[in-house]
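# Reading the structure
Residue strings, one per chain:
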Amino acid sequence: MDKNYQSHIAESKDEYHKNRVKMSFEDKVKVIVELQKIEAEFIKNNKTRSTSNKYRRIWEIQF
Amino acid sequence: MQKTLKRINELLELGIITNYAIAGGMAQFYYIEPSITYDLDIVVHISDEEKTLTPLTKIYKWAEKNGYLTEKEHIIIESIPVQFLLAYNELVKEALNNADNIKLFDENTFIFKPEYLMAIMLQTGRLTDKERLARFFIEAEYDKNKFLEIIKRFNLFEVYKKLIEVKNG
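Definitions and limits used
- By convention here, each chain's residues receive numbers from 1 onward along its written sequence.
- Chains and ligands are labelled by the order in which they are written, letters from A for the one and numbers from 1 for the other.
- Confidence filtering applies because this is a predicted model: local features only for residues at pLDDT of at least 70, side-chain atom pairs given and counted only at 80 or more, and all residues used for totals across whole chains, interfaces and linings.
- Working definition: helices are DSSP H or I runs of at least four residues, strands are E runs of at least two. Numbering for both runs from the N terminus.
- Whether a residue is buried, exposed or partly exposed is read from the other C-beta atoms within 10 Å of its own C-beta, which are placed from the backbone; 20 or more gives buried, 12 or fewer gives exposed, and intermediate counts give partly exposed.
- Note on contacts: each residue gets a C-beta atom placed from the backbone, and two residues are in contact if those atoms are within 7 Å.
- Three categories are distinguished: nonpolar for Ala, Val, Leu, Ile, Met, Phe, Trp, Tyr, Cys and Pro, charged for Asp, Glu, Lys and Arg, and polar for the others, with Gly belonging to the last.
- Axis definition: a line fitted to C-alpha atoms, limited for helices to the stretch in contact. Angles are taken between N-to-C directions and run from 0 to 180 degrees.
- Angles below 35 degrees are treated as roughly parallel, those above 145 as roughly antiparallel, those between 65 and 115 as roughly perpendicular, and all remaining angles as oblique.
- By convention, the crossing between two helices is left-handed when the near helix turns anticlockwise from the far helix through less than a right angle, and right-handed when the turn is clockwise.

## Description of the overall build of chain B
Counting its secondary structure elements, chain B contains 8 helices and 7 strands. Considering chain B as a whole, with its 169 residues, one finds that 37% of them fall into the buried category. Considering only residue pairs separated by 6 or more positions, chain B has 66% of its internal contacts joining residues 24 or more positions apart.

Rendered as structure tokens:
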């Protein structure tokens, strides 16, 4: 694969992650809740994933 | 989360705890990109008169009185599992005493400074902590001199050197 293309992807990913660091804490909490929803979906569809921790559930919070 | 912080502040107002700070993953995500977590770690200090063999009893009694369920060591406060932890060693005690007073969700609250969180991650040394610490080096704004001063005082400099050697291959 073209090395320039690979470094372009790496740079663009770095930029994306840098911007996410700068998000407000409130927006970061929204991301966390979204990630919790995604993981719940993965667990539902992938029986091999552990669900042993009872407190691992989606936060029902208002923004 | 505003409601959760409000209730935690109530513990201060009631004198059940004398000070507290957000620690663990949620504190880390204040400084770096967030990833998944399910709980909120709160390091607390309890006044000397309240110290017994079971120092967190008053918090659990408060939770029960307010109808908050507990699951193992977590108290579910307004939908968020909160784990109250005593400042378990000198480094954590110092982190708590130097916590920053900030506003989150319009609530006044306290959070560990990044340099202390990094030192604690170094001290704990779990795989997750090492991964997060690597992210702090890349993403967080922190005072490197202050971080080095802390880890030298708490005999963590050698651990740091080893980690950096691994990181740099």
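## Some words on the interface of chain A and chain B
If you look at the interface, chain A gives 18 residues, while chain B gives 19 residues. For the side of chain A that touches chain B, the secondary-structure elements that each account for two or more residues are α1 (3-21) and α2 (25-45) of chain A. Residue contributions to the side of chain A that touches chain B peak at 9 residues, all from α2(A). The class makeup of the residues in the side of chain A that touches chain B is 9 nonpolar, 2 polar and 7 charged.

## Observations regarding the packing of helix α5 (residues 114-124) of chain B against helix α7 (residues 144-153) of chain B
Residues and elements named next belong to chain B. Two elements in contact, α5 and α7, have axes whose closest approach is 9 Å; the angle formed by their N-to-C orientations is 40°. Taken together, the axes of α5 and α7 lie oblique to each other. Where α5 crosses over α7, the handedness of that crossing is right-handed. Contact residues: Glu-115, Tyr-116, Met-118, Ala-119 and Leu-122 in α5; Lys-146, Phe-147, Ile-150 and Ile-151 in α7. Its residues assigned to classes, the contact of α5 with α7 comprises 7 nonpolar, no polar and 2 charged.

## Observations regarding unusual backbone geometry
Residues and elements named next belong to chain B. The backbone phi angle of Lys-72 is positive, close to 55°, even though this residue is not glycine. Relative to the assigned elements, Lys-72 resides in the loop between β3 (70-71) and β4 (74-77). Despite not being glycine, Asn-155 has its phi angle at roughly 55°, a positive value. Relative to the helices and strands, Asn-155 is located in the loop between α7 and α8 (157-167).

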